[in-house]
Amino acid sequence: MSEKTIDPLTPILSETWDADRSWTLDAYVAGGGWKGLAKALAQPPADVVQVVKDSGLRGRGGAGFPTGMKWGFLPAPDGGPRYLVVNADESEPGTCKDIPLMLASPQLLIEGVAITSYAIGCDHAFIYVRGEVLHVYRRLLRAVEEAYAAGYLGKDIQGSGFDLDVTVHAGAGAYICGEETALLDSLEGLRGQPRLKPPFPAVAGLYARPTVVNNVESVASVPAIVTEGADWFKSMGTERSAGHGLFSLSGHVVRPGQYEAPLGVTLRELLDMAGGIRGGNRLKFWTPGGSSTPLFTDAHLDTPLDYESVAAAGSMLGTRALQIFDETTCVVRAVSRWMDFYAHESCGKCTPCREGTYWLKQILRRIETGSGTEGDLDVLLDTCDNILGRAFCALGDGATSPVTSSIALFREEFEAHITGRGCPFDPSAAALFDYTPRRAPQALTAGAH
Amino acid sequence: MTLEAHRSGYDEATYARLATDTAAIVARYPEKRSALLPMLHLVQSEDGYVSRDGIAFCAEQLGITAAEVSAVATFYTQYKRHPNGTYTVGVCTNTLCAIMGGDEIFDELSEHLGVGHDETTDDGAITLERVECNAACDYAPVVMVNWEFFDNQTPAGATQLADRLRAGEDVAPTRGAASVCTFKQMSRVLAGFSDGRADEGVGAGRPTLAGLRLAREHDWTAPAGAAPEQVDGSATDAGAAAAEGASAVGQEQSSAERRPTTPADATGATPDASKGKQP
């Protein structure tokens with residue numbers, strides 16, 4: 001492979017987002033879209049699977065499992081249906097990449113769906129998008145409609161003999177449905193609760209048939225891999241974390257937003273591009289990949305953001321949702337809000353998560369509001385210990401990450417809330433607008449969830 | 001049909017209309033039961049919430065019990081168990097938005113409207129909610145009105161927005177349709193019935209384009225693609241490398257993407273008997 005220098009940002013998924021009416025089929029085709037499908041249809045499906053395997057593309061939804069390998073797990077065709085289900089239920093706190101992608105460039109996802117379906121022998125694919133993004137759902141419905149009209153979906157696509165129907169399905173508000181087997185139950189019209197594995201979806205997924213569940217960004221990465229080749233993809237990123245990805249910066253940065261870069265970029269580099277921390281403030285803590293990934297601090301500014309390096313540093317690359325908090329932020333308040341979320345979203349199927357998040361929430365609240373007791377930190381850690389590894393699915397495990405990592409990094413701050421009987425921070429200092437705090441933090445936390 | 005219509009409580013014309021819509025929904029799926037989530041959205045488009053009539057209707061149409069429908073309806077936050085306002089105003093109070101100002105926006109709105117979380121103003125215009133992360137963190141703090149994006153909000157902006165909604169004015173989201181539709185209209189779209197408004201609004205806001213604009217300024221691009229022959233070229237070496245790299249993954253805490261642990265996982269020898277379904 002030639003050693004060409006790779007630019008700091010590599011817009012591929014985001015390349016057409018600034019086009020006029022970028023979401024339309026015309027704009028997508030004008031930008032070179034739908035060439036990947038033509039190229040894929042000219043090859044046997046197995047070759048398409050192989051190029052994705054060769055590219056080293058790993059799942060962009062958080063877990064990082066090799067995408068081509070996942071496709072390869074489907075059993076040999078038995079004449080019955082096989083399904084592709086796109087996980088577009090983006091709801092991990094801090095994660096905000098798939099929704100803007102689908103708003104700006106839904107055709108890219110549809111092309112990825114068509115190629116993936118062809119590769120795995122699927123003739124009915126589903127896109128499960130969370131129900132809380134009305135306009136994204138409109139855009140997806142329209143994109144599918146346009147793709148049918150142009151002959152990219154439907155019967156005998158481009159004269160290839162390949163048929164594909166795509167159904168865009170709106171969820172109804174449940175974080176758990178981002179877990180792939182809960183998503184499948186939800187798509188089957190049930191409460192969205194995770195299934196026992198094995199069997200894995202590759203063997204018994206949607207309607208107990210072989211099913212591939214892939215994240216939006218993973219599927220959207222496929223057309224360029226097919227068009228440009230595996231070596232091209234591997235020329236970006238690191239050896240084991242190949243390719244490009246969307247890095248979503250939010251919080252106390254000057255220019256928050258989507259930065260598409262090769263995997264392995266560092267937060268220091270991204271912050272430079274995003275104008276740094278607001279007001280010259282100091283970075284206090286950040287999440288590398290959403291709220292379920294253990295917190296990092298300024299000690300991790302130079303950690304390469306690839307799967308291996310982030311894991312070696314004690315966290316997870318997750319969804320590359322970089323939530324940035326400066327020194328004005330109370331870490332107890334941050335973690336308390338995240339725990340409200342986990343308690344609210346626990347599906348209730350398993351006891352460690354259902355009961356554990358309930359108690360974690362209560363204890364964090366009383367610490368934040370000044371009623372914490374000396375033993376509370378131990379109880380928090382003990383509760384986390386009883387969830388991690390004992391929950392039915394990864395979401396319960398994830399709920400412990402912010403608690404254990406924040407206590408490890410900021411134990412004195414928790415203790416100060418307990419001994420000082422309240423929060424020493426001014427919440428208005430952390431906000432992006434000026435206001436006079438109306439009351440003590442105690443009252444602020446009285447809301448429902 | 002008349003008997004069923006009577007049982008669900010809808011008059012015959014309404015029943016017939018909903019039954020036609022239901023047939024269109026059912027046709028999208030290989031199995032009928034998958035229609036339930038969109039049907040609950042459909043029921044909300046009729047009644048403004050998941051009514052008893054709506055539950056009975058779904059049960060009749062899908063051949064399941066009302067209890068089974070209720071079990072699903074109570075699981076998902078977007079299904080309302082009591083009549084919703086014309087507009088759901090949702091303030092994100094998940095950590096990122098809360099700290100950037102979402103907590104104060106919620107408090108200000110709550111005081112201004114005189115209602116708390118999941119409560120509706122007396123005029124039936126607004127149901128106020130705390131909402132969870134809505135995937136717009138780079139636009140924090142965010143307010144959603146009927147699940148359209150109102151980005152970079154302030155307390156003053158949010159109360160003004162609420163006042164305009166209560167006055168019956170059209171309001172335009174930052175990223176979304178040209179104006180916010182009603183809760184019932186929204187629910188019909190979520191049931192999968194297009195309202196023809198997909199082409200309204202912008203493709204992206206400033207934060208979405210932040211990286212792209214910077215790349216354009218500096219002429220940063222993706223590397224040039226390989227020549228057309230690359231698809232099968234050097235596949236063996238690359239494949240070996242990919243497989244080698246892959247052998248180290250799987251130890252992450254996600255059971256969602258766990259590697260197969262028995263040969264049966266990969267070969268398909270064991271259908272999921274616990275689901276009570278066969279292919």
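Since we're looking at a predicted model, the values are computed, not measured. (Residues numbered from 1 in each chain as written. Chains lettered and ligands numbered in written order. Predicted model: local features only at pLDDT ≥ 70, side-chain atom pairs only at ≥ 80, totals over all residues.)

1. Quick notes on the packing of helix H3 (residues 36-47) of chain B against helix H8 (residues 183-190) of chain B
Residues and elements named next belong to chain B.
- It is the contact of H3 with H8, at a shortest axis distance of 7 Å, that shows an interaxial angle of 155 degrees. The orientation of H3 with respect to H8, classified from their angle, is roughly antiparallel. The two elements H3 and H8 meet at a crossing, and its hand is left-handed. Between H3 and H8, the contacting residues are His41, Leu42, Gln44 and Ser45 on the first element and Lys184, Ser187, Arg188 and Leu190 on the second.
- For the contact of H3 with H8, the residue count by class is two nonpolar, four polar and two charged. (Axes fitted to C-alpha atoms, helices over the stretch in contact; angles between N-to-C directions. Helix = DSSP H or I, 4+ residues; strand = E, 2+ residues; numbered from the N terminus. Parallel < 35°, antiparallel > 145°, perpendicular 65-115°, else oblique. Left-handed = near helix turned anticlockwise from the far one by under 90°. Contact = placed C-beta atoms within 7 Å. Nonpolar A, V, L, I, M, F, W, Y, C, P; charged D, E, K, R; others polar.)

2. Digging into the sheet that holds strand E8 (residues 321-326) of chain A
All names here are of chain A.
- Strand order in the open sheet made by the four strands is E6-E5-E8-E7, with mixed pairing throughout. In this open sheet, the two edge strands, each paired with only one partner strand, are strand E6 (257-262) and strand E7 (283-287). With direction set aside, neighbouring strand axes in the sheet form an average angle of 25 degrees. (Pairing = 2+ DSSP bridges.)

3. Some thoughts on the packing of helix H13 (residues 331-345) of chain A against helix H14 (residues 351-368) of chain A
All names here are of chain A.
- One can describe the packing of H13 onto H14 by two numbers: an axis separation of 9 Å at closest approach and a directional angle of 155 degrees. Classed by the angle they form, the pair H13 and H14 counts as roughly antiparallel. Between H13 and H14 the crossing geometry is left-handed. Judged by residue contacts, Val332, Arg333, Val335, Ser336, Met339, Asp340, Tyr342 and Ala343 of H13 engage Thr357, Tyr358, Leu360, Lys361, Leu364, Arg365, Ile367 and Glu368 from H14.
- Broken down by class, the residue content of the contact of H13 with H14 amounts to nine nonpolar, two polar and five charged.

4. Structural notes on the environment of A:Pro256
- Note that A:Pro256 resides in the loop between strand E5 (244-251) and E6.
- Measuring from C-alpha to C-alpha, the distance between A:Pro256 and A:Met273 comes to 9.8 Å, with 17 residues separating the pair along the chain.
- Excluding residues within four positions of it along the chain, A:Pro256 makes contact with A:Leu249, A:Ser250, A:Gly251, A:Ala274, B:Asp138 and B:Pro207.

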